[in-house]
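What follows is each chain in one-letter form.
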Amino acid sequence: MTLYGKGFYIWRVLRCEAGDVNAVANLASQCGLSHILVKIADGSSSYNVNTTTGEDYALELVQALRERNIACWGWHYVYGYEPLAEADIAIQRIQELGLDGYTVDAEAPYKEPGRDEDARQFLTRLRQVLGSFPIALSSYRFPTYHPQFPFEAFLEQVDTNMPQMYWVGAHNPAEQLQRCLSEYENLTPFRPIMPTGSAYLQGDWQPTPADIQEFLNAARALNMTAANFWEWANCRQNLPEIWDAICAFPWPPDPANEDIVVRYIAALNTHNPATLLALYNDNAAHVTARRTIQGPAALNAWYQELFTHTLPNATFSLGEFSGRLGSRHFTWSAVTPSGLSAQGSDSFGLVDGKITYHYTAFTSSP
């Protein structure tokens, strides 16, 4: 199944809402989460199971979530030293929990030389038993930082890529997400990306509510159908304002069908020209009352000027819009932190779902 919307990773069930799975499920529903990814295995062993009593905390959580129509995926940290045993425990847990999807979390152990064959053995066994069951990869955000990791061996047999797009130490998630996407587009095969963002405290660094909005706006603007966050217990216990920011962010039920005008406003709110350029054809023309510009370089310069000088750090809002097929007409407004406001009226000409012609006119006032 394709995921749409916001999701959260859960590491240890008992650390979430004091182990009350109904409280977890209720909060997930109230927050507008579409899916939860719960840890089901570590290496060749089950996880979130009481080794003394056999009580399966993951199963109890899955049942509570399913009652609230929230998709349930399992995630599994793998080492690769026993790929077939790891595949077998994954299959067992997927089947006994009745999961909607499975995410393989492959990190440092797979950076050792010659691990491609282990990755292929692991995934081949999964596919032999599970067939077309949804499988995702969770690993590093920038492949160029990890040249020893067998990205392509994993991507050959998964359906979705869930890179750990953590911007720890910085506050530029949109820029980093664009780079993450670009680097994975250079790998073969490319798989649809559903990134995982930072919702945890690390040392003296933490994400801000503005980071969360920027990250999710960027994911939507880049046509990603879903995004996840790491990690439930850390966020709930240490960062209540981040939990609130994630809950407050509206995510449509199917962003793949979201109109390009809505995606354009979301892209403006990332303040990142790269997310805007992803909506344009390469030869697109942009017309204002002063001049006409054409091509990615000129568009990039125009949006840089808009975000840094014309309407710095503005929040953009969509007014009314109309049109169908190859054209759109819409109004918008913007307000900057310094109190500058703007009112605009734009038109798009579209070819193959991307902007080929863009006319914009707006007035601003202090």
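Structure's up top.
In this text, all values refer to a predicted model and were calculated from it rather than measured experimentally.

Thresholds, definitions, all that
Residues numbered from 1 in each chain as written. Predicted model: local features only at pLDDT ≥ 70, side-chain atom pairs only at ≥ 80, totals over all residues. Heavy atoms only, no water. Helix = DSSP H or I, 4+ residues; strand = E, 2+ residues; numbered from the N terminus. Rg over C-alpha atoms; globule rule 2.2 N^0.38 Å. Contact = heavy atoms within 4.5 Å. Areas by Shrake-Rupley, 256 points an atom, 1.4 Å probe, with all protein chains shown as cover. Salt bridge = Lys/Arg side-chain N within 4 Å of Asp/Glu carboxyl O. Buried < 20%, exposed > 50% of the residue type's maximum accessible area, 1.4 Å probe, protein only. Axes fitted to C-alpha atoms, helices over the stretch in contact; angles between N-to-C directions. Parallel < 35°, antiparallel > 145°, perpendicular 65-115°, else oblique. Left-handed = near helix turned anticlockwise from the far one by under 90°. Core = buried A, V, L, I, M, F, W, Y, C linked by side-chain atoms within 4.5 Å. Pairing = 2+ DSSP bridges. Disulfide = S-S within 2.5 Å. Polar contact = N/O pair within 3.5 Å; in protein donor to acceptor, adjacent residues only side chain to side chain.

Student: How should the overall build of the chain be read in this particular structure?
Tutor: Broken down by element type, the chain carries 12 helices and 15 strands. Scaling as 2.2 N^0.38, a compact globule of 366 residues should have a C-alpha radius of gyration of about 21 Å, and the chain matches this with 22 Å. Projected onto the principal axes, the alpha-carbon positions of the chain cover approximately 70 × 40 × 40 Å. Within the chain, contacts between residues at least 6 apart in sequence are counted, and of these 73% link residues at least 24 apart. Accessible surface, the chain as shown: approximately 15400 Å² in total, 49% of it carbon and sulfur.

Student: Mind showing me how you'd approach the pattern of salt bridges here?
Tutor: One side chain can pair with another of opposite charge once the charged atoms of both are near each other. Across all of its chains, the model carries 13 salt bridges by this definition. Between D100 and R66 there is a salt bridge, with the nearest N and O atoms lying 3.4 Å from each other. Remark: R66 occurs in helix α2 (residues 57-66) and D100 occurs in the loop between α3 (83-97) and β5 (101-106); sequence separation between them is 34 residues. The class for D100 is partly exposed, based on a relative accessible area of 23%. Here D159 ties to R127 by a salt bridge, and the two come within 2.9 Å at their closest N and O atoms. With a gap of 32 residues between them, D159 in the loop between α5 (151-155) and β7 (160-161) and R127 in helix α4 (residues 116-130) connect regions that are remote in the sequence. We classify D159 as partly exposed; its relative accessible area is 34%. Each of the salt bridges in this network shares a partner with another, and the network as a whole consists of D56, R93 and E96.

Student: Explain the packing of helix α1 (residues 21-30) against α2 to me, please; I cannot follow it from the model alone.
Tutor: One way to put it is that α1 packs onto α2 with a least axis distance of 9 Å and a crossing angle of 40°. Overall, the two elements α1 and α2 adopt an arrangement that is oblique. Judged by the sense of rotation from one axis to the other, the crossing of α1 with α2 is right-handed. Across the interface between the two elements, V21, N22, V24, A25 and A28 from α1 touch Y57, E60, L61, A64 and L65 from α2.

Student: Could you clarify how one ought to interpret the nonpolar core in this entry?
Tutor: The tendency in soluble globular proteins is for nonpolar side chains to be buried side by side. Membership of the largest hydrophobic core comes to 81 residues, with the highest contact counts inside it found for F8, I10, I36, Y102, L126, F154 and W232. Sequence-distant contacts of I10, defined by excluding residues within four places in its chain, comprise C16, V24, I36, L37, V38, K39, L61, W75, E231 and W232. Core analysis: the second largest hydrophobic core is formed by 27 residues, I265, Y280, L311 and F316 among them.

Student: How do you make sense of the sheet that holds strand β12 (residues 315-322) when you look at a structure like this?
Tutor: What holds strands together in a sheet is hydrogen bonding between their backbones, with the strands either parallel or antiparallel. Ordered by their spatial adjacency, 6 strands build an open sheet running β11-β10-β15-β14-β13-β12, and the pairing between neighbours is mixed. Edge positions in the sheet fall to β11 (292-294) and β12, since each of these pairs with one other strand and no more. Mean inter-strand twist for the sheet, computed between neighbouring axes without regard to direction, equals 20°. Along the sheet face, helix α10 (residues 260-268) touches β10 (280-287), β12, β13 (327-335), β14 (341-351) and β15 (354-365) and points at about 170° away from the line of β12. Across the face of the sheet, helix α12 (residues 296-310) comes into contact with β10, β11, β12 and β15 while running at roughly 55° to β10.

Student: Whenever I open this one, the state of the cysteines confuses me. Can you help?
Tutor: As used in these notes, a disulfide is a covalent bond between sulfur atoms, one from each of two cysteines. For the structure on display, the rule yields 1 disulfide. With its sulfur 2.0 Å from that of its partner, C31 forms a disulfide with C247. Linking C31 and C247, the disulfide has an S-S dihedral of approximately -105° and is accordingly described as left-handed. Placement of the pair is C31 in the loop between α1 and β2 (33-42) and C247 in helix α9 (residues 240-248), with a sequence separation of 216 residues. The exposure class assigned to C247 is partly exposed, which follows from its relative accessible area of 24%. Sulfur of C72: no disulfide; nearest cysteine sulfur belongs to C16 and is 14 Å away.

Student: Please explain the environment of R220 as it appears in this structure.
Tutor: Secondary-structure assignment places R220 in helix α7 (residues 209-221). Considered as a pair, R220 and R263 are 43 residues apart in the sequence and their alpha carbons are 6.7 Å apart. From its side chain, R220 meets the backbone oxygen of P250 in a polar contact 3.2 Å long.

Keep in mind that these numbers describe shape and distance, not what the molecule does.
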